[in-house]
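A closer look at the structure
Here's the letter readout for the chains.
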Amino acid sequence: MREFDGKVVSAEGNKVILDQTAFYPRGGGLVSDTGVLGGVQVREVIKENGEVCHLVDDSSGFRVGEVVHGSIDWDRRYRVMKMHTTAHIMCAIVNKETGALITGNQISPDESRIDFNLEQFDREKIADYTKAANEVVARGVEVKSYFMNREEALKVPGLVKLANALPPSVDVLRIVQIGDVDTQADGGVHVGNTREIGEIVVNKAENKGKNNRRLYFSLRQP
Ligand SMILES: [Zn+2]
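Figured I'd write up the structure that's included with this text. Here the structure is a predicted model, which is why all the values come from computation and not from measurement. (Residues numbered from 1 in each chain as written. Predicted model: local features only at pLDDT ≥ 70, side-chain atom pairs only at ≥ 80, totals over all residues. Heavy atoms only, no water.)

Remarks on the coordination of the zinc ion
- Every protein donor of the zinc ion is listed here as His 84 (NE2), His 88 (NE2), Asp 186 (OD) and His 190 (NE2), and their distances to the metal cover 1.8 to 2.1 Å.
- Here the zinc ion is ringed by four donor atoms whose angles at the metal span 93 to 128 degrees, and the overall shape comes out tetrahedral.
- In primary-sequence terms, the residues that donate to the zinc ion follow H-x3-H-x97-D-x3-H. Residue His 84 and its partner His 88 are both found in helix H1 (residues 74–98); the two are separated by four residues, about one turn of the helix. His 88 carries the same exposure label as His 84, and that label is buried. (Donors = N, O, S within 2.8 Å, 3.2 Å for Na, K, Ca; no water. Tetrahedral: all angles 85-135°; square planar, octahedral: opposite > 155°, others 65-115°. Helix = DSSP H or I, 4+ residues; strand = E, 2+ residues; numbered from the N terminus. Buried < 20%, exposed > 50% of the residue type's maximum accessible area, 1.4 Å probe, protein only.)

Now the structure itself:
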């Protein structure tokens, strides 16, 4: 969804809260959406006390109860969707080959990075992982999302990567499945088919401490 209407619930200082929104708030290693709300530029979107806050320069033009139109900067969002889906694929491949887990990630429209708890990361192996990831892209694997209840999801090994971080109040989980490549509980934004990604280019790998290897990547569009 690129455009939507929402009713203003609160407008104070630089924060606008709506009854519903299509803006993705910063979280899970992903940058937030930006865009326009009621004719005003949305700089960033954050989640605060369970509410999605649209950060604007000045909210004084918004009136509680009025319906405003929102539109997401789709070019930026689509690039984040591609980047984030790429992160899933790279993580799944590195995990399969080395057993390494992901300790952090930062997904941005132009360049993204993933941290792995790995001791070794040689150039040749990185080239192999990238090739395997680009094979998944070229294969045109469908990306699906669906919902599962908490108990059911926790029974599937590896599905919930951060079981301890899962608040007890969460009864229903969103599952994202990239064909036979990767399945996990996830609230982020993804493309519908891996072919949309284009081509994955790994820019560099860095040592970030004894057991931490950081991979930087970007995407080349056809
Ligand atoms: Zn995801």
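Observations regarding the sheet that holds strand E12 (residues 182–185)
- Taken together, the three strands give an open sheet; going across it, the order is E10-E11-E12, and neighbouring strands pair in antiparallel fashion. On the outer flanks of this sheet lie strand E10 (143–149) and E12, each paired with one strand and no other. Along the sheet, successive strands turn relative to each other by an average axial angle of 20 degrees, direction set aside.
- Taken together, the four bridges between strand E11 (residues 172–178) and E12 define a ladder with antiparallel strand orientation. Counted as the bridge partner of Val 176 is Gln 184 from E12. (Pairing = 2+ DSSP bridges. Axes fitted to C-alpha atoms, helices over the stretch in contact; angles between N-to-C directions.)

Thoughts on the nonpolar core
- If you look at the biggest cluster of nonpolar residues, it comprises 36 residues, and the most contacted ones within it are Ile 89, Met 90, Ile 114, Phe 116, Phe 121, Ile 197 and Ile 200.
- Here the element with the most residues in this core is H1; it accounts for 10 residues.
- In contact with Phe 116, not counting residues within four places along its chain, are Cys 91, Val 94, Ala 100, Leu 101, Ile 102, Thr 103, Phe 121, Asn 211, Asn 212, Arg 213 and Leu 215. (Core = buried A, V, L, I, M, F, W, Y, C linked by side-chain atoms within 4.5 Å. Contact = heavy atoms within 4.5 Å.)

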